[in-house]
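Here's the letter readout for the chains.
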Amino acid sequence: MHVEQQQQIVNNAKKAEKKRRRCLAIIKSDCDVSPSDTPTIYLAILNVGLSNGLTEERLLEAAAQTGGSISEVAMLAGKSYCFLVCSTLEDSQLVFTGMHNVATIGQLGAVAYLSYVQALPALAGKSEWNKPLPSGLIVLPDFVSEAEEETLLKSIADDGRSHEGTLKHRKVKHFGYEFLYGSNNVDPTRPLDQPVPSACDFLWPRVGNFSSSWDWSKPDQLTVNEYEPGHGIPPHVDTHSAFFDPILSLSLQSDVVMDFRRGETQVQVKLPRRSLLIMSGEARYDWTHCIKPKHIDVVPTPTGSLTTQVRSKRTSLTFRRLRRGCCNCSYPTLCDSQQSKVPQELSTTLADQAVSLEQQNVHEVYDKIANHFSETRHTPWPQVAQFLDGFDTASVVLDVGCGNGKYLGCNAHVLAIGCDRSQGLLAVGRQRGQHLFRCDCLNVPVRSSSIDGCISIAVIHHLASAERRLGALREMARVLRPGGRALVYVWAKEQRRNDKKSAYLRQNKAVNKERTTEQVQRQKQQQQMEKQPQDHVALPVHTNRTEFQQQDVLVPWKTKDEQRTTFLRYYHVFEEQELEKLVAQLPEIELKRSYYDQGNHCVIFERKIQPRP
Amino acid sequence: MKLSTYNFLTSMAIKGVKVGFPLKLTISKKELVETEFNPTFVERLLPKLDWSAVYGAAQVAELAEDIPAVQPESIADNEQLLQKLHHLLFEIDVLEGQLECPETGRIFPITDGIPNMLLNEDEV
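These numbers were taken from a predicted model, which means no experiment stands behind them.

Chemist: Lay out the state of the cysteines in plain terms, naming residues and giving numbers.
Modeler: All names here are of chain A. Within the structure shown, the criterion is met by zero disulfides over all chains. With no disulfide of its own, Cys419 lies closest to Cys439 among cysteine sulfurs, the gap being 3.7 Å. What makes Cys419 buried here is its relative accessible area of 1%.

Structure representation (structure tokens):
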């Protein structure tokens, strides 16, 4: 028995030492802080920190019990370790012996491990909290009294409706107008039976000092969000065209931390219970805001350090005024009105610059990315393969813009010939023994009326004017024999059908898991791209795996090599019916079918037997 | 480039060119690639081909004695000719050479087996 106990002690010490070394390695790589074999005034608490629920109070309490005096605490956000600075070496030794493998301040009473370290990490003290607030952001503490809080909560609960909408991470209820989460907008033609409760009326005179500069004096829409601990709301900006400036939000029942973000800049703001948050100007239009779904918030202490605060149930009342028109703010990045506008001049300029734009932002790019691009294009789209399967033995099929020729081998019973502009891509197809030649889709060097079938998959959306896109279709029509059929795919502006995301959007894992939003990704993209010079008309740079904001865009392609060079490809993404309208302009062909397939608009047309005179 | 592909190519996109067919073929380097012979395939393909260009290609490939100058009325039973056509159209791979527009003399080079039919902006 005695031997077993001794063994147990040895094992515990071994376990502690192993754990200690592992934690030290993490701290070393995280913040470049090295352990010290001899005592120093700096102590690392190796295995407990803000991320696993330690509060500054709890830590100081445990340290005080050792008799050692502490001069500074460094709690780091999101870390499972923290640091203490002791007044003297003696204090430090007292704290070390009194806490290491003794103090049960870890999760579920786990013991803390300590180590002397050579210094505090450089990051300590530079928290998110010392940054200035976004411009236009105001938090008014104690905006309502506890009695008023109770009245407000009662008035929103007592209208006979339960919380009708339960979103993934919270419950919602709307007054005045319903906020529609699918379109992120309201329908101004369909007011709800329940207006904003009159019990809220006492709020508006109170904001009087501020409201002189606002677009409105009384809101007509209220969204009530009920958050249980662990609930949150993904990063978003309130749709510009839906609501005027500002947005007001009253926090009831408990505090929470809200994260604001603009590009790479992040600011955390504590919203105390019974405070009013005013988001106006830049804060309303150009910053996204979110509440992270977690149980514990990290908040600053009066001494400038950080501590944790357990969340409890919180209700927020967000008051807004419907805009009923377009937004013309001076913050276009997140502005739905300005992003979707296609100025007439743009298409004229594009038409003028089409040849050189396509040369630089299509042909040259494909030649540079040919091999990497080809690696990502291997599986034929099923509906294209199905179209090709429909041809009889010894039919002649031409693939206009065949790329690496992935469709040329789909049907072994036809003579499939491919053409493309990109030498790099043709070389890949050539290695696979395919029939190829190089040309432009506007001048296909093929005998008229000689081809049984034609496909052009994801090609003509690279042409920079409607005239040229039509020209490419005219060439396909010309080479088809009477009765011959063509299938054309183009990228759709709309990447969602029946509320289902296309494969392209579905691959945006960060958004799908609600780790971020498209708006945040677009802001980041915008900042990265500001450095890229553009020789042509300024086109917006699209953010991959997000919905298209405009029809004429540059789509980044990042190479896989070490340089991670970003190339920009020009695309004209098609609106619904746009491709059909082009087909209708050619009297020699007849539209047989049009459909939507995974974010693409597609048409099948036939060369008429008797061309119209 | 296989000679079946050659049968479809034209230079008609050049400004002022009316027919641009058949292109004048020159072979400077070729390779024989054995491929599976399917008589039905060749027979059904023939109506889609231009015989004068088939015969022209045979002459350049030095296979003129295999191919009649005029397209025979019926070919279905002539497996020997089908075999020879298969060889001409699918087994001769032109690696280097050129195609020349019969009307303007514009040269389209064939490099690494791929004819470059791309025209300059001012040619169309």
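After that view, the rundown keeps rolling.
Chemist: I'd like to hear about the interface of chain B and chain A, residue by residue, with values.
Modeler: Contacts between the two partners involve 29 residues from chain B, matched on the other side by 28 residues from chain A. In total, chain B and chain A occlude about 2,400 Å² of area from one another, counting both sides; carbon and sulfur atoms represent 64% of this. Three residues, B:Phe8, B:Ile114 and B:Leu118, lead the burial of chain B against chain A; their summed loss comes to 27% of the area buried on that side. Our count for the chain B to chain A interface comes out at two salt bridges. A salt bridge links B:Asp93 to A:Arg430, with the nearest nitrogen and oxygen atoms 2.6 Å apart. Inspection of the chain B/chain A interface yields ten residue pairs in polar contact (both at pLDDT 80 or more).

Chemist: Before we move on, could you go through the environment of A:Val355 and cite the residues and values that matter?
Modeler: Secondary-structure assignment places A:Val355 in helix H9 (residues 344-375). C-alpha separation for the pair A:Val355 and A:Ala464, spaced 109 residues apart in sequence, amounts to 7.9 Å.

Chemist: Quick rundown of the side chain of A:His461? Include the residues and the values.
Modeler: All names here are of chain A. Structurally, His461 is set in the loop between strand S23 (451-457) and helix H12 (466-479). Looking at His461, the relative accessible area reads 2%, which means it is buried. Only 3.1 Å separates the side chain of His461 from the backbone oxygen of Ala458, close enough to count as a polar contact. Setting aside residues no more than four positions away along its own chain, His461 makes contact with Val490, Trp491, Tyr570, Tyr571, His572 and Phe574.

Chemist: I'd like a description of the nonpolar core, backed by residues and values.
Modeler: In terms of nonpolar packing, the biggest core is built from 75 residues, with A:Leu398, A:Ile460, A:Leu473, A:Phe605, B:Leu3 and B:Leu99 touching the most fellow members. Setting aside chain neighbours within four positions, we find A:Ile460 in contact with A:Arg469, A:Ala472, A:Leu473, A:Met476, A:Val488, A:Val490, A:Phe574 and A:Leu579. In this structure, A:Phe373, A:Val541, A:Phe548 and A:Val553 belong to the second largest nonpolar core, which totals 27 residues.

Chemist: For the sheet that holds strand S13 (residues 256-262) of chain A, give the residues involved together with the corresponding values.
Modeler: Residue and element names in this part refer to chain A. The strand order across the open sheet formed by four strands is S11-S16-S13-S14, and the pairing between neighbours is antiparallel. Looking at strand neighbours, the two that pair on one side only are strand S11 (233-236) and strand S14 (265-271), the edges of this open sheet. Each strand axis lies, on average, 20° off the axis of its neighbour in the sheet, ignoring direction. In this sheet, S14 lies alongside S13 in antiparallel orientation, the contact comprising seven bridges. In the sheet register, Met258 faces S14, and the bridge partner there is Val269.

Each value, and the rule that gives it
- Residues numbered from 1 in each chain as written.
- Chains lettered and ligands numbered in written order.
- Predicted model: local features only at pLDDT ≥ 70, side-chain atom pairs only at ≥ 80, totals over all residues.
- Heavy atoms only, no water.
- Disulfide = S-S within 2.5 Å.
- Buried < 20%, exposed > 50% of the residue type's maximum accessible area, 1.4 Å probe, protein only.
- Contact = heavy atoms within 4.5 Å.
- Buried area = accessible area lost by both parts, 1.4 Å probe.
- Salt bridge = Lys/Arg side-chain N within 4 Å of Asp/Glu carboxyl O.
- Polar contact = N/O pair within 3.5 Å; in protein donor to acceptor, adjacent residues only side chain to side chain.
- Helix = DSSP H or I, 4+ residues; strand = E, 2+ residues; numbered from the N terminus.
- Core = buried A, V, L, I, M, F, W, Y, C linked by side-chain atoms within 4.5 Å.
- Pairing = 2+ DSSP bridges.
- Axes fitted to C-alpha atoms, helices over the stretch in contact; angles between N-to-C directions.

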